[in-house]
Each structure stands twice: as C-alpha cells, then as structure tokens.
Amino acid sequence: MHFQHEILGGVLIGAGSAIPLLFEARIAGISGYAESAMRPGSKQGRNAVVFLLGLVLSGLLWRLFGQTLPDPQHNLIPPYPWPIAGFLVGFGARLSGGCTSGHGVCGLGRASPRSLVAVIVFMSVAMITTFILSAWL
Amino acid sequence: MKNIIYLLSGIIFGLGLALSGMIDPLKVKGFLAVTTPAWNPALIFVLGSAVVVYFIAFQLLRFRKKSLNGEPLQNPSTRPLSIKLLLGAAIFGIGWGLVGICPGPAIVHMAFLDKNFALFLVAMFAGIELNARLPFTR
C-alpha cells in the first residue's frame, strides 16, 4: 500500500479529535481551540490551551525522534504571503465556524451538510488560488 | 485528568499531522495543484481516514447519548447555511491556497522555529481575534 503514512496519520488526527468528544462531548477543530485559547480564564479556554500545548509538544517529539521537515524548500515560497495567508486563514476559519479539522474532520464526521458545503468551498477556492499563483509565478 | 486528556489529544493530533505530511506546505500545495501533472492526491486519504474515525466515535456517543463525564451530546449542524459560512470558507481557502498551511500545522511548527511560520501564526491569531471582536461577524 502506498498511502500508509497518510492513512495512519489521518487515524491519529481523527483520534485526537474524537477523544475530547468521547470524554467531554467537546466538538472542536483547531481554529476553535485557538479562539478558546485566547480566553484562558474560562474552563473551555484552559482546556484549549492544554490541547494546543500538546500540538507544540508533538512537533518537539517529531524532532526528538529525528524527523525533520520532509522538505525545507518551503522557504522558496516568498515571505510576503505568509502573514497575509495567516490572517486570512484565522479570520476565514472563525467566520465560517471551522477550518480543515473543524469542518473537515469533525463536521464531515458528524455528516453535517453545512460543513460539507464549507469543505467544498474552501477546497475549491484553495485549488483555484494555487492555480492562479502557479500561472503567475 | 482533564489536562491529561487534552494534552494527549493534542499530541496524538499533532503526530498525525506530522506523519501524514500535512505539516509540509509543499506536499499540501502538491495536493491543491489539481491542474498540474505533478498533482499528488495522497492527502485525501488523511481526511478520509480521520473522518471515518471521528464518525465511529460520534455514532458511539449518539448511542450512549452522554459523554464519559456526563455531558449531553450537542449537534450544532442544524443551523441553516449562512453568508458568513460561505464567505468565511472562501477567505480561508485563499489563505490555505497561498502557502498550503492551515491552523493545526501552523501550531505544530512552533517546534521548528521557522520565521515564515511564526509570521503566519501571529497573523492567524490576529485574524481569529479580529473576527471575535467585530460585531457583525458573530
């Protein structure tokens, strides 16, 4: 099988989303956690901070086990779109109520029609954006 | 106990992002570049398997009606489609398409101390906060 890393990685992503669901009925994607984490005084906020801490720890573990980025060539992407992209990703995800994990994993996993629409829209727009960029550069 | 649940969930989720290649912007760009001969559809398996795992957990919870700590299951999917959903998803799509990075990988990347990712992350939190503060986005 050629896609074992993708499939196992997806299972881990699904499990990381499903554990807070099973234990606490918490339905949240990463952008939802990120917004909650901005208000660490609340109960949900504290949990979100701990979850995001786990994400950073996973990156450190990934490095500890000798794994680096598959390809550091992403630096070829010029620096100016990074903050623009970050702003659009953060603002857009919260305006629509979810990102790749919130609408993608949790939303599709709950068979939510709204999330299906959101996933189709953001994937198509991302593909069109990539196409326009490649035509330009 | 609660902290352990959320910490472990974050670690497992992040390892999944790393293993699957979602933290590699070039791989994500390769997935989004549908019109090129170099198109790499592998990442669709990431979404597919994650959705299957979450679907099973959700059915389990629907069957039990309550989570392990006794919280009732809420299903927020009954709200009608809104212009905010469509517009937000389109804005998110432009950002994702620009560099091939979505929120989870951006946070995992804090461990790699990369300047571009740091710029992305700060701007992402600014975007999240702006949306939370504008009166008409709620």
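These figures come from a predicted structure and were not determined experimentally.

Undergrad: Just checking my understanding: could you explain helix H3 (residues 44–64) of chain B for this structure?
TA: Given 3.6 residues to a turn, an α-helix orients residues that are three or four positions apart in the same direction. Between its first and last C-alpha atoms H3(B) spans 30 Å; for 21 residues at 1.5 Å apiece the expected length is 30 Å, and the two agree. Positioned one or two residues after H3(B), Lys65(B) has a phi angle of 70°, which is positive.

Undergrad: Would you explain the pattern of salt bridges in this entry?
TA: In a structure, side chains of opposite charge can pair up when their charged atoms sit close to one another. Summed over all chains, the structure comprises 5 salt bridges over all chains. Here Glu129(B) and Arg133(B) are joined by a salt bridge, their closest N and O atoms 2.7 Å apart. Pair noted here: Glu129(B) and Arg133(B) are both in helix H6 (residues 115–133), with a separation of 4 residues, about one helical turn. Put simply, Arg39(A), Glu129(B) and Arg133(B) are held in one network by salt bridges that share partners.

Undergrad: Looking at this structure, I do not really get the packing of helix H6 (residues 113–136) of chain A against helix H2 (residues 25–32) of chain B. What am I missing?
TA: Each pair of packed helices gets described by two things: the angle between the helix axes and the distance between those axes. With their axes 9 Å apart at the nearest point, H6(A) and H2(B) run at an angle of 100° to one another. With respect to their mutual orientation, H6(A) and H2(B) come out roughly perpendicular. Between H6(A), through Met123(A), Ala126(A), Met127(A), Thr130(A) and Leu133(A), and H2(B), the contact on the second element is made entirely by Lys29(B), Phe31(B) and Leu32(B). Partitioning the contact of H6(A) with H2(B) into residue classes produces 6 nonpolar, 1 polar and 1 charged.

Thresholds applied
- Residues numbered from 1 in each chain as written.
- Chains lettered and ligands numbered in written order.
- Predicted model: local features only at pLDDT ≥ 70, side-chain atom pairs only at ≥ 80, totals over all residues.
- Heavy atoms only, no water.
- Helix = DSSP H or I, 4+ residues; strand = E, 2+ residues; numbered from the N terminus.
- Expected span 1.5 Å × (residues − 1).
- Salt bridge = Lys/Arg side-chain N within 4 Å of Asp/Glu carboxyl O.
- Axes fitted to C-alpha atoms, helices over the stretch in contact; angles between N-to-C directions.
- Parallel < 35°, antiparallel > 145°, perpendicular 65-115°, else oblique.
- Contact = heavy atoms within 4.5 Å.
- Nonpolar A, V, L, I, M, F, W, Y, C, P; charged D, E, K, R; others polar.

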